[in-house]
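# An overview of the molecular structure
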Amino acid sequence: MSKTGPQKVELEEQATEEQQRRGVSGPTVQVAAGAPSAGLPGANAPSTPATPMPPASAGPAAGEPAFRDVFAHTVKPNQKKNVVIRGLEASFGCVLHGEYASNEIRTAKYTLLTFLPVNLFEQFTRVANLYFLVIAILQFIPGLAPTSWFTTVAPLVIVLTINAIKEIVDDFYRHRSDNEVNNRTVLVLEEGGKETPVPWRDLAVGDIVKVMNDTEIPADLVFLSSSDAGDICYVETANLDGETNLKIKNCFSKTAGKHLADELKEFAEDSVIRCELPNTHLYRFEGAVMKRADPDAAEHQLPLTADNLLLRGCSLRKTDWVVGVVVYTGIESRIMMNRTPSPRKVTQLERHMNILVMTMFILLFVISALMSMGEIIWQKAHARDDWYLEFTGKYPDFYPSFRGWVIGVVRWVILLNGVIPISLYVTIEVVKVFQCKMIYDQDREMYHAETDTPFSCRTTNLNEDLGQVRYVLSDKTGTLTQNVMGFVWISAADHVYGKKTCESEGLPSPSHVDPKTPHSIALDPDLIRGLGLDLEILSRAAPTKSNKSMRGHANVIRAAAAGQPQPNPDLERFMLNLAVCNTVVPAISDDGHYVYQASSPDEEALVTGAAFLGYRLFSRTTDKVVVEVLRTGEHLEYTVLAVLEFNSDRKRMSIIARCPDGKVRLFCKGADTMIMARVQPTQPRISNVRMHLEEMAQAGYRTLCVAEKVLPDAAYEKWAEQYRAACVALQDREGKVAAASEAIEKDMDLLGATAVEDKLQDGVPEAIENLLAAGIGVWVLTGDKVETAISIALSCKLFTEEMALVELRERDFEGAKDEDELKAVLTSKQEEARMEQSRLDAELGSGRGSMVGLVVEGGALTRLLRAEYPALASQLCDLCTSSKSVVCCRVSPLQKAQVVRLVQRERKAITLGIGDGANDVSMIQAAHIGCGISGREGRAAVMASDYSFAQFKYVARLILLHGRAAYKRNAEVVWYAFYKNWIYNMVLMYFGFLTGFSAQPLFTSGLIAMFNVIFTSAPTVAFAVLEQDVSMATVLSTPSLYAETMLATRKGFLLEMVWWIVLASFHSLCIFFLPMYSMSTPNKSGNYEDLVMIGTTVYTGMIVTVNLKIATRTRYWTWVNHLLIWASIAIWWPYVIGYSAVFQVQPIAGTADMCSVAMDIMAGPRFWLAGVLLSPAMSLLPDITHMTFQRTFAPKPFQIYQEIEWKRELDAEMSKRLGLANPAPPRHDNHHNHHQSEEDTQA
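These figures come from a predicted structure and were not determined experimentally. Note that residues are indexed from 1 along each chain, following the sequence as it is written. For this predicted model, a pLDDT threshold of at least 70 governs which residues receive local features, and a threshold of 80 or more governs which side-chain atom pairs are given and counted, while totals over whole chains, interfaces and linings are taken from all residues. For side-chain calculations, the full set of non-hydrogen atoms in the structure is used, while hydrogens and water are omitted.

Moving on, we come to the overall build of the protein chain. Within the protein chain, the regular secondary structure consists of 41 helices and 33 strands. Counting every position in the protein chain, which comprises 1243 residues, the buried fraction comes to 58%. The contacts in the protein chain between residues at least 6 apart in sequence include a share of 74% that link residues at least 24 apart. Note on conventions: DSSP H or I runs of at least 4 residues are helices, E runs of at least 2 residues are strands, and numbering of each starts at the N terminus. Buried, partly exposed and exposed residues are distinguished by accessible area as a fraction of the type maximum, computed with a 1.4 Å probe on protein chains only: under 20%, between the cut-offs, and over 50%, respectively. Residues count as neighbours in contact if any of their non-hydrogen atoms are within 4.5 Å of one another.

Right, here's the structure in full:
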């Protein structure tokens, strides 16, 4: 997308959008030395990479040159590293470099030597892990810990091991990838005709290499020659920017055709390549080839541009081989300079968890301090008089004192450390992985069969944030629209063509054009006649049909032109301009189709439309464009002299060529404001074209203007000298080239304008309507003209006819010079919005919410989002968020990211950014949640996203269904984790009241360690993956249900946690005191149950209660829920029986206390009545009572819909039983239905 600076820059519709999709930034203009050159606009794609990173050589230090000299050599020097160096590199995971960077790369994180310390260090940077490590260390201090170290170390080791295994698996694949890449071979050319295979790791700067077809470029190379007769090659840059279309690269003209080291020896000995220092610019390169003897002589300097640079990671296509000299290697190559980790995004739930952890830690310390104080008080009354306590007054049994209090605090902290659940973090991670891989990725409703594109979770960290999205900020082209461009209208010869079609006029359609083609311009009968073609003859059967130009078309069109008058000269000039002024590369497929390789769908549409009408781009090389005029069979050759490429500042492209008539012409197309400002102002055609452009924009089409100019030879030669000097400049080359281009692109003749249609994707209006109904703000950020953007917004129901539109245009601020004046304009717009809302309330009735749509122009954003005016940004946010929908037009990628950050900063709201092109990457990464559309713009947006899919309509299902469910489930997981651990630790605290506050544990080590690991974790995972409060059909048909999670706040979350803690406190009282006092009397043998027996009974009550608790919270039961809940309870009995029998078989330390306990307590009724039945029943009675009263007297919205569903199911069942009807069984949508069989999940 174009970049709008402080000065007024008007961004026009198609030009800006074309640049947006390619992400072009900054002028890169080319001219070959000794021979002209051409290139695709895609060759100058985004200068701002998807993941930018400061270059290693950001700039030269004082006194250092701002460039490097590369000397090619035809005998490869021996620079191999010895075994010792290789071993040290492998051990420490590093690469040693010499004068230049080694070409060996390492992306792996660990080695065998570094894995343990590095991984442990990273894991213990998590506060929770560090907390439990400190607890474990304290437990190892003799006489200090009331419990065995095993109770903390065992769960901690399990947590660390799970994370370590995950890291090992990930890093294994990194190591394998590194080894595969570093050991690939490439041919190095040496004297004597030798082509030596050399591993990539051993390549060095200055090596001359030969790369074969369909292989990757091993390092950044200056392109010297290729097998192609036109001295070009085709590369695919998907690994760099995600673009899958092929791009042309041109070789250095002086070495063209040379492919042996002996042929290049003279070049290597006489020349030096002077190039810029390593940097991150993927699509800019400033360099020159100079004579070694006199490198500073201007007459010997031949320019090198990005067009001559083959970047590491690109793949060579459609070219047998290329030869190049290595200029950047390894970490200095462009692809490695742009590597950086994606920003870590933290969900709101994680922040809530952090607050809970800190709160619990403070509470733990307070409880420990109070309990230790109680111990001191108790000791003062008993320590000296009760001789059997054996107080020594020495560590650790100090007499009552401050030292004794400190020891007591530490003991209680160790005993109650479980108030912070160590299992929570692992459980949450496991749950999120299951949610992503088993639900989202397998959801067939988000699979796009036409493109075979499934939904893909690229991160598992953000699931619950999907349930709190307040604003969706979307790109337009390729995201809301199909990005399948159709050439529909032209303004040429003072008329608009394309409004009529042969079918609408009752005429036969041209047989060589598919009637359903998106390029409907080729079906306009008036245009066909104006180009000198007989429509009746043209409608006769063609050899084949296709929506592409084909070989058979020439005969059909030539026959239709026979005996017809000559075409309108203005129309022919227009069509020839479209065929010449582009960077499309034609090719012929095996079945005879003309296939156009274009980086821009717009250019492909224009060239295809021109071909349908008889002006076919036949071939393109670096110095020649051939256009076939099908009506005569002529091949018009245009010798390319210079290509002034499209970029975000220029918003236009030009080709200077010597035409078949011998004249030099400049062909130009671009944004209407750019072209209109550079044409001769006295042309009468200008007013007509302006009127036609307005009509095109109102129809929602994307527009470009077309112009040309004849250049006298003397004027061209004079300009060419200035241009060549600018192209070889090593300082500010871009600025000098831009100035030279500006000098020639003026006083042009306006030929007309084009209109391209980009239709909406299926389901977009319905998706936006559902999002708005859910209360989610939907904003569209686009580079289109205002009129086009409004038209699309109306089509997709972002705006409706009954809404009032308020426009915030750049022209509104023309007279504003300072902050006060800018604020006055903004305030007037706010007042306008309020007045419109009041008017609509009066006309339509209040209670409908905001009915004002806001349109903001990029130039206005430039003025209002300046860093020195924070108050204006806040006021702008107020205006935007008070509107129902917002469309921002003519905005740059930077402004997209600024708008996202504005909403985040001012509203503290969760934002979701969605786009499909490289220009959307900054917005996707700035948003809390980034979604990438897998479309025609390559995979740059997908690679930067958190979730990727094929169609915009899936975002509604992702947010409203899966996001809502994820937040509710995951929040419940957090509450439940703290709930069950609170019960466990309160029981220990109550026991302290009976033991003189002595931090005596109630349970043995084997029970303490396994509580969270075995008996209470699995049901949580099942609940978080499978639970549904209402059916999926109800959720999707009732978007208002989303408000429950969207409006959830931290206060509400913490208050709910307090309620869970209150219930947990009551549960712990029942669980502890019922068994304690029921078992305090002698049994039938006259014996008292000992401490371990009571503890085991209490433990049994805890296991049953906490598992029944999650059962009461489960609404949607599957066999998995049943299995895991009841198995978690049932497994306790074999475990405790086995644990009690261990000491009898093998006297293992720590098991003696449990010897025979299980059978002894199970033999009496008090265990079963107090521990298994009464404790859970009394504990859960308040829960069930509260749930019943709450559902009856204060039901939540989802509970109302539950009742509706149950009533529907009941009615159907009753009707069936009574024989009143025989309805089909009610549909009950659920995740389980999505995965009924493995076959069903396959697309």
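Read on, since the account is not over.
Right, let's get into the pairing of strand β29 (residues 852-857). In terms of burial, β29 is largely enclosed, as six of its six residues are buried. Here β29 shows two buried faces, one formed by Val852, Leu854 and Val856 and the other by Gly853, Val855 and Glu857. Sheet topology note: the strand β28 (residues 804-808)/β29 ladder contains five bridges and is parallel. Paired with Ala804 across the strands is Val852, a residue of β29. Crossover handedness for the path β28 to helix α23 (residues 819-844) to β29: right-handed. Should DSSP find at least two bridges between two strands, the strands are taken to pair. With five bridges connecting them, β29 and strand β30 (residues 885-889) associate as parallel partners. Counterpart to Glu857 in the pairing with β30 is Cys889. Seen with the strands pointing away from the viewer, any crossover whose path from the first strand over the helix to the second strand runs clockwise is right-handed.

A separate point is the sheet that holds strand β13 (residues 321-328). One open sheet holds the six strands; their spatial order is β3-β2-β4-β13-β5-β11, and the pairing between them is antiparallel. Each having just a single partner strand, β3 (194-199) and β11 (309-310) make up the two edges of the open sheet. Pairing of strand β5 (residues 220-226) with β13 involves six bridges; the strand directions are antiparallel. Counted as the bridge partner of Asp220 is Tyr328 from β13.

This part takes up the confidence of the model for the protein chain. Each residue carries a pLDDT score, the predictor's confidence in it, ranging from 0 to 100. Per-chain confidence: the protein chain averages 84 in pLDDT, with 88% of residues scoring 70 or above. Note on residues 1-63: pLDDT is under 50 here. Beyond four places in sequence and across chains, it has 256 contacts. Ignoring residues within four places in sequence, the model shows residues 545-550, a span with pLDDT below 50, making 27 contacts including any to other chains.

Next up on the list: the layout of surface pockets. In this model, the second largest pocket occupies a volume close to 1000 Å³. Contributing to the lining of the second largest pocket are 44 residues, with Lys968, Glu972, Arg1113, Lys1196 and Phe1198 lying nearest its centre. Elements that contribute at least two residues to the lining of the second largest pocket include exactly α29 (954-994), α32 (1032-1037), α33 (1043-1046), α34 (1050-1078), α35 (1091-1113), α39 (1165-1193) and α40 (1197-1218). Looking at which element gives the most residues to the lining of the second largest pocket, the answer is α29, with nine residues. Residue type decides the class: Asp, Glu, Lys and Arg count as charged, Ala, Val, Leu, Ile, Met, Phe, Trp, Tyr, Cys and Pro as nonpolar, and the leftover types, Gly among them, as polar. Looking at the lining of the second largest pocket residue by residue, the classes come out as 19 nonpolar, eleven polar and 14 charged. Whether a set of points on the 1 Å grid over the protein atoms alone is a cavity depends on a 1.4 Å probe fitting there but being unable to get out, while an open set qualifies as a pocket with protein on both sides within 12 Å along at least five of seven lines; lining residues are those with an atom within 4 Å of a point. Grid points are joined across faces, edges and corners, and a volume is the space filled by probe spheres set on the points.

Here Thr151 shows up in helix α5 (residues 150-182). A C-alpha to C-alpha distance of 4.4 Å links Thr151 and Ala1009, two positions 858 residues apart in sequence. Those residues in contact with Thr151 that lie beyond four places of it in its chain are Gln139, Ser1005, Ile1008 and Ala1009.

UniProt positions are given in the numbering used here, feature names are shortened, and annotations may be inferred rather than shown by experiment. Per the UniProt entry, the sites bearing "active site" (unreviewed entry) are Asp475 in this numbering. Relative to the assigned elements, Asp475 resides in the loop between β15 (469-474) and β16 (481-492). On the accessibility criterion, Asp475 (2% relative accessible area) is buried. For this analysis, a polar contact is any N or O atom pair within 3.5 Å, provided that within protein one partner can donate a hydrogen and the other can accept it, and provided that sequence-adjacent residues contribute only side-chain to side-chain pairs. At 3.4 Å, the side chain of Asp475 forms a polar contact with the side chain of Thr479.

Turning our eyes to something else, we now look at the side chain of Thr147. As for its placement among the helices and strands, Thr147 is situated in the loop between α4 (127-139) and α5. Residue class for Thr147 comes out buried when judged on its relative accessible area of 11%.

Turning to the pairing of strand β7 (residues 246-250), a few remarks are in order. Most of β7 sits inside the fold, with five of its five residues counted as buried. Neither face of β7 is left uncovered, since the one carrying Leu246, Ile248 and Asn250 and the one carrying Lys247 and Lys249 both have all their residues buried. Two strands pair when backbone bridges link them, and strand β6 (residues 232-236) and β7 are joined in this way by five bridges, in the antiparallel orientation. Considered in β7, the bridge of Ile232 is made with Asn250.

Moving on, we come to the sheet that holds β7. Ordered by their spatial adjacency, three strands build an open sheet running β7-β6-β12, and the pairing between neighbours is antiparallel. The sheet terminates laterally at β7 and β12 (315-317), the two strands that pair on one side only. Mean inter-strand twist for the sheet, computed between neighbouring axes without regard to direction, equals 45°. Note: β6 against β12, three bridges, orientation antiparallel. Paired with Glu236 across the bridge in β12 is Ser315. Axis definition: a line fitted to C-alpha atoms, over the contacting stretch in the case of helices. Angles run 0 to 180 degrees between N-to-C directions.

Quick look at empty space enclosed by the protein now. Applying the stated criterion across every chain yields a total of twelve cavities of 30 Å³ or more. Its boundaries defined by the atoms lining it, the largest cavity holds a volume of some 250 Å³. Within the residue set of the lining of the largest cavity, elements represented by two or more residues are α4, α5, α10 (402-415), α29 and α30 (1005-1015). Ranked by residues supplied to the lining of the largest cavity, first place goes to α30 with five residues. Considered class by class, the residues forming the lining of the largest cavity number twelve nonpolar, nine polar and no charged. Residue ranges for the domains originate in an automatic or database domain assignment. Each of two domains, domain 1 (104-184) and domain 5 (963-1186), supplies a minimum of three residues to the lining of the largest cavity.

A rise of 1.5 Å per residue sets the reference length of helix α20 (residues 733-744), with its twelve residues, at 16 Å; its end C-alpha atoms lie 17 Å apart and thus fit the reference within 8%. Where α20 is concerned, the buried positions are Arg733, Glu734, Val737, Ala740, Ser741 and Ile744. Buried residues of α20 fall within an arc of 130° about the axis and therefore sit on the same side. Residue count minus one, scaled by 1.5 Å, sets the expected span of a helix. To obtain the arc, one takes the directions from the helix axis to the C-beta atoms.

Put simply, a salt bridge is a Lys or Arg side-chain nitrogen that is within 4 Å of an Asp or Glu carboxyl oxygen. Under the defined criterion, the tally for this structure stands at 62 salt bridges. Across the salt bridge formed by Glu122 and Lys109, the nearest N and O atoms sit 2.8 Å from each other. Highlighted residues: Glu122 in helix α3 (residues 115-123) and Lys109 in the loop between α2 (83-92) and α3, separated in sequence by 13 residues. Note that Arg1217 is salt-bridged to Glu1213, the shortest N-O span being 2.9 Å. Residue Arg1217 and its partner Glu1213 are both found in helix α40; the two are separated by four residues, about one turn of the helix. Judged by relative accessible area, which is 35%, Glu1213 ranks as partly exposed.

The next point concerns the packing of α35 against α39. At a minimum axis separation of 8 Å, α35 and α39 run at an interaxial angle of 30°. Relative to α39, α35 is oriented roughly parallel. Between α35 and α39 lies a crossing of right-handed hand. Residues Thr1097, Thr1100, Gly1101, Val1104, Thr1105, Leu1108, Lys1109 and Thr1112 of α35 form the contact with α39, whose own contacting residues are Phe1167, Gly1171, Val1172, Ser1175, Pro1176, Ser1179, Leu1180, Asp1183 and Met1187. Class assignment for the residues of the contact of α35 with α39 results in seven nonpolar, eight polar and two charged. An angle below 35 degrees is read as roughly parallel, one above 145 as roughly antiparallel, one from 65 to 115 as roughly perpendicular, and any other as oblique. If you view the pair so one helix is near and one far, a crossing is left-handed when the near helix is turned anticlockwise from the far one by less than a right angle, and right-handed when it is turned clockwise.

Relative to the helices and strands, Asn279 resides in the loop between β8 (271-276) and β9 (287-291). A relative accessible area of 8% places Asn279 in the buried class. Polar side-chain contacts of Asn279 include one of 3.0 Å to the backbone nitrogen of His281.

Let's shift gears to a nonpolar patch on the surface. Nonpolar side chains (Val, Leu, Ile, Met, Phe, Trp, Tyr) are joined into patches within 5 Å and like charges within 9 Å, using only residues with over 30% relative accessible area and no salt bridge. Working definition of accessibility: Shrake-Rupley area with a 1.4 Å probe, residue cover restricted to the visible protein chains. A cluster of nonpolar side chains, contributed by Phe361, Ile362, Val366, Leu370, Met373 and Ile377, occupies part of the molecular surface with about 570 Å² of accessible area. Judged by its relative accessible area of 39%, Val366 is partly exposed.

To continue, consider the environment of Met943. Inspection of the secondary structure assignment puts Met943 in helix α28 (residues 940-944). Exposure remark for Met943: the relative accessible area of 36% places this residue in the partly exposed category. Separated by 25 residues in sequence, Met943 and Ala918 place their C-alpha atoms 9.7 Å apart.

Okay, the nonpolar core next. Among buried residues, those of type Ala, Val, Leu, Ile, Met, Phe, Trp, Tyr and Cys that are joined through side-chain atoms within 4.5 Å constitute a nonpolar core. Counting 151 residues, the largest nonpolar core has Leu771, Ile776, Leu912, Tyr947, Phe949, Ile959 and Phe1003 as its most contacted members. The element contributing the most residues to this core is α29, with 25 residues. Setting aside residues no more than four positions away along its own chain, Leu912 makes contact with Leu466, Val469, Tyr471, Val472, Leu473, Ala927, Ile929, Cys931, Val955 and Ile959. Ile490, Val580, Val584 and Tyr596 belong to the second largest nonpolar core, which has 62 residues in total.

What follows concerns the state of the cysteines. Any two cysteine sulfur atoms within 2.5 Å of one another count as a disulfide. In the structure shown here, the tally under the stated rule is zero disulfides. Looking at Cys581, it has no disulfide partner, and the nearest cysteine sulfur is the one in Cys668, 6.2 Å off. Judged by relative accessible area, Cys581 falls into the buried class, the value being 1%.

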